[in-house]
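Overview (structure and organization)
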Amino acid sequence: MILGRRVNSLPPARLNFDSNLSNRKILIKRFNYRERLLNMFWTKRSKEYIFTLKSAHCVKSTGEIKEFKIDDVVLINDEEIPRHFWKLGKVVDVFPGRDCKIRSCKIKTQNSIIKRPVQLLHNLELNE
């Protein structure tokens, strides 16, 4: 988690073939604890952090919503995959509607350039 990526393996353990049952129980407990921590992290991130991104861009006193700008880093909402696998992108162009508010953005992802409505974008940076 600290490394910025999911840790997929346990640290190497030195086990002998003649290790006793208590060592195995300890390893199983450690593994289960690690899995609980990872599950709690992803659950908390998906329920709390991503939803606070939208509200962080709304100024409380005026109710004005900060609009997307070119070079903003965004998280792209995709209902077909879990939140922790959503893609990151960079805004390369914005498209205003008839009311002059930003309605969609052209996003550069790792592999392509896509156009998405602002309702499916979560800005990761606060520019004040």
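Shown above is the structure to which this text applies.
Quick notes on the rules
Residues numbered from 1 in each chain as written. Predicted model: local features only at pLDDT ≥ 70, side-chain atom pairs only at ≥ 80, totals over all residues. Heavy atoms only, no water. Helix = DSSP H or I, 4+ residues; strand = E, 2+ residues; numbered from the N terminus. Buried < 20%, exposed > 50% of the residue type's maximum accessible area, 1.4 Å probe, protein only. Contact = heavy atoms within 4.5 Å. Polar contact = N/O pair within 3.5 Å; in protein donor to acceptor, adjacent residues only side chain to side chain. Pairing = 2+ DSSP bridges. Axes fitted to C-alpha atoms, helices over the stretch in contact; angles between N-to-C directions. Phe/Tyr/Trp six-rings, centres within 6.5 Å; stacked < 30°, edge-to-face > 60°. Lys NZ or Arg CZ within 6 Å of the ring centre and 35° of its normal.

1. So, the overall build of the protein chain
Along its length, the protein chain carries one helix and five strands. The helix and strand sequence of the protein chain, counted from the amino end, reads α-β-β-β-β-β. Relative to its 128 residues, the protein chain shows a buried fraction of 20%. Excluding contacts between residues fewer than 6 apart, the proportion of contacts in the protein chain whose partners are at least 24 apart in sequence is 45%.

2. A short note on the side chain of N123
In this fold, N123 is placed in strand β5 (residues 121-123). Residue N123 is classed as buried on the basis of its relative accessible area, which comes to 6%. Of the polar contacts made by the side chain of N123, one reaches the side chain of D72; its length is 3.1 Å.

3. Quick look at the sheet that holds strand β1 (residues 73-76)
Across the sheet, which stays open at both edges, the five strands sit in the order β4-β3-β2-β1-β5 with antiparallel pairing between neighbours. Of all strands in the sheet, those with a lone pairing partner are β4 (113-117) and β5, marking the two edges. When strand polarity is set aside, the average angle formed by the axes of neighbouring strands in this sheet is 45°. Two elements, β1 and β5, share three bridges in a ladder whose sense is antiparallel. Bridge pairing links I76 to L121 in β5.

4. What about the packing of aromatic side chains?
In the structure shown here, the tally under the stated rule is zero aromatic pairs. Here the basic side chain of K115 rests over the ring of F95, its NZ or CZ set 4.3 Å away from the ring centre.

5. Here we look at the pairing of β4
Where strand β3 (residues 102-108) and β4 come together, five bridges link them in antiparallel fashion. For C105, the partnering residue across the bridge sits in β4 and is R116. Here β3 folds back onto β4, and the loop between the two strands holds four residues.

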